[in-house]
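Tertiary structure, described
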Amino acid sequence: MKQINLDDLVQRVMDELNRKNHDDIIHFPEKKQQGVMRPKNPEALERAMNRTPARIGIGRAGTRMKTGSYLQFRIDQAAAHDAVMKTISPTLLESLQLPALHTKAKDMTDYLMNLDSGRVLSDESAEWLERNGDKGKDVQIIISDGLSTSACEATIPDLLPALLQGLAMRNISVGKPVFIHRGRVWVQDQVASIVKCKVVISLIGERPGLATAESLSAYMIYKPDTNTVESDRTVISNIHRGGTLPIEAGAYLAELLEEILKYQASGVKYMQLRAK
């Protein structure tokens, strides 16, 4: 049998790829494309498509989706899966100087199947926070991948500096922000009990959908305790480039945290006090 020269084989493959017609590549524009042939009311269809990220007006080929629409669907589906399963870049955490803590979730499977595992810090992380956390501050910031690492990577680099700047302008003291791997919202209660802050805010990746895999939510609560319920939390969601822009969200959250501190309440109680 003739011996195959691997270097020669690789070169031949590369040459063949370079000879391929680049017109065969399918490009997917970020703006949705109207795919209905000869719509009766194109203006109404365009208005509807601009008002929602839902897949409307994509047209069809016989009884099936058009190839471009189907491939775009698969791309968005893969992006949603990656957002959940991938690990955040250590380089990003280093650049933002975020200490990395962990919950009791051993891996992503445990996190998805055992909800309580993401609500409690690991023993090592709880001990680290007890030793190194800034105690008695007005606000403690938590960032967590939650169900979308992509959301953190896309929004936090702009949101966090804007939030910190807004709080500094209002003379609100802030504990050193921390990142918590595989964290759920309720882990903020434990963090608050350790650092003894007045308000804790969790910036956490939302469950990804086919419209976006990069949406972040902010959960805030004033002095949580064992009697805390979900209605005690104030929530701002849909922070992403197609919703509330991260920089704008940072400024707004600083303003909202100032009000929560003023009224000494969050959630439903905050809204009731504010309405008086």
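Now for a description of the structure that goes with this document.

1. Considering the packing of aromatic side chains
For any two aromatic rings, the description comes down to two numbers: the centre-to-centre distance and the angle of the planes. Across all of its chains, the model carries 1 aromatic pair by this definition. In this structure, Arg184 packs its charged tip against the face of Tyr111, placed 4.1 Å from the ring centre.

2. So, the nonpolar core
With 34 residues, the main nonpolar core has Leu163, Ile201 and Leu203 as its most contacted residues. For this core, the elements supplying multiple residues, two or more each, are helix H4 (90-95), strand E2 (139-144), helix H7 (149-169), strand E4 (199-205), strand E5 (216-222), strand E6 (234-239) and helix H9 (246-263). Among all residues touching Leu203, those that are not within four sequence positions of it are Ile141, Ile142, Ile143, Ser144, Ile156, Leu159, Leu163, Leu216, Ser217, Ala218 and Leu253. Of all hydrophobic cores here, the second largest spans 15 residues; its members include Val178, Val191, Cys197 and Ile221.

3. With respect to the layout of surface pockets
Gaps between atoms show up when a probe of the same size as a water molecule is rolled over them. In this model, the second largest pocket occupies a volume close to 270 Å³. Lining the second largest pocket are 16 residues, and of these Leu147, Arg184, Val185, Ile204 and Tyr219 sit closest to its centre. Among the secondary structure elements, those contributing two or more residues to the lining of the second largest pocket are E4 and E5. Across the lining of the second largest pocket, the residue classes break down as 7 nonpolar, 4 polar and 5 charged.

4. Description of the environment of Gly242
Residue placement: Gly242 occurs in the loop between E6 and H9. Judged by its relative accessible area of 65%, Gly242 is exposed. Here the alpha-carbon distance between Gly242 and Glu214, two residues 28 residues apart in the chain, equals 9.3 Å.

5. Observations concerning helix H6 (residues 123-132)
Buried within H6 are the following residues: Ser125, Ala126 and Leu129. In an axial view of H6, the angular spread of the buried residues amounts to 100°, which keeps them on one side of the axis. When the buried face of H6 is taken as reference, the exposed residues oriented beyond 90 degrees from it are Glu124 and Arg131. Turning to H6, the residues buried within the fold contact strand E1 (100-102) and helix H8 (187-195).

6. A short note on the pattern of salt bridges
Evaluation of the coordinates by the stated rule reveals 10 salt bridges. The shortest N-O distance in the salt bridge between Arg233 and Asp189 comes to 2.9 Å. Residue Arg233 is located in the loop between E5 and E6, and its partner Asp189 is located in helix H8; the two are separated by 44 residues in the primary sequence. Where salt bridges share partners, they join Asp189, Glu230 and Arg233 into one cluster.

7. Some thoughts on the sheet that holds E5
Taken in spatial order, the 6 strands line up as E1-E3-E2-E4-E5-E6 in an open sheet, and their pairing is mixed. The sheet is open, and its two borders are formed by E1 and E6, each paired with just one other strand. Going from strand to strand, the sheet's axes swing by 25° on average, the running direction of each strand aside. Note that E4 and E5 share 7 bridges and pair antiparallel. Pairing of Leu203 across the sheet is with Ala218, part of E5.

8. Remarks on the pairing of strand E3 (residues 174-181)
Burial analysis of E3 places 6 of its 8 residues in the buried class, which makes it a mostly covered element. As paired strands, E1 and E3 are joined by 3 bridges and run parallel to one another. Bridged to His102 within E3 is His181. Across 5 bridges, the pairing between E2 and E3 is parallel. Looking at E3, one finds that Ile143 is bridged to Phe179. Read as a crossover between parallel neighbours, the route from E2 over H7 to E3 is right-handed.

9. Points about the side chain of Ser215
Considering the arrangement of structural elements, one finds Ser215 in the loop between E4 and E5. Classification of Ser215 by relative accessible area gives buried; the value is 6%. Side-chain polar atoms of Ser215 contact the side chain of Glu206, separated by 2.8 Å. If we skip the residues at most four places from it in the chain, Ser215 touches Ala151, Gly205, Glu206, Asn238, Ile239 and His240.

Parameters and conventions
Residues numbered from 1 in each chain as written. Predicted model: local features only at pLDDT ≥ 70, side-chain atom pairs only at ≥ 80, totals over all residues. Heavy atoms only, no water. Phe/Tyr/Trp six-rings, centres within 6.5 Å; stacked < 30°, edge-to-face > 60°. Lys NZ or Arg CZ within 6 Å of the ring centre and 35° of its normal. Core = buried A, V, L, I, M, F, W, Y, C linked by side-chain atoms within 4.5 Å. Buried < 20%, exposed > 50% of the residue type's maximum accessible area, 1.4 Å probe, protein only. Helix = DSSP H or I, 4+ residues; strand = E, 2+ residues; numbered from the N terminus. Contact = heavy atoms within 4.5 Å. 1 Å grid on protein atoms, 1.4 Å probe; cavity = no way out; pocket = protein on both sides within 12 Å on 5 of 7 lines; lining within 4 Å. Points joined across faces, edges and corners; volume = space filled by probe spheres on them. Nonpolar A, V, L, I, M, F, W, Y, C, P; charged D, E, K, R; others polar. Arc of directions from axis to C-beta. Salt bridge = Lys/Arg side-chain N within 4 Å of Asp/Glu carboxyl O. Pairing = 2+ DSSP bridges. Axes fitted to C-alpha atoms, helices over the stretch in contact; angles between N-to-C directions. Right-handed = clockwise from strand over helix to strand, strands pointing away. Polar contact = N/O pair within 3.5 Å; in protein donor to acceptor, adjacent residues only side chain to side chain.

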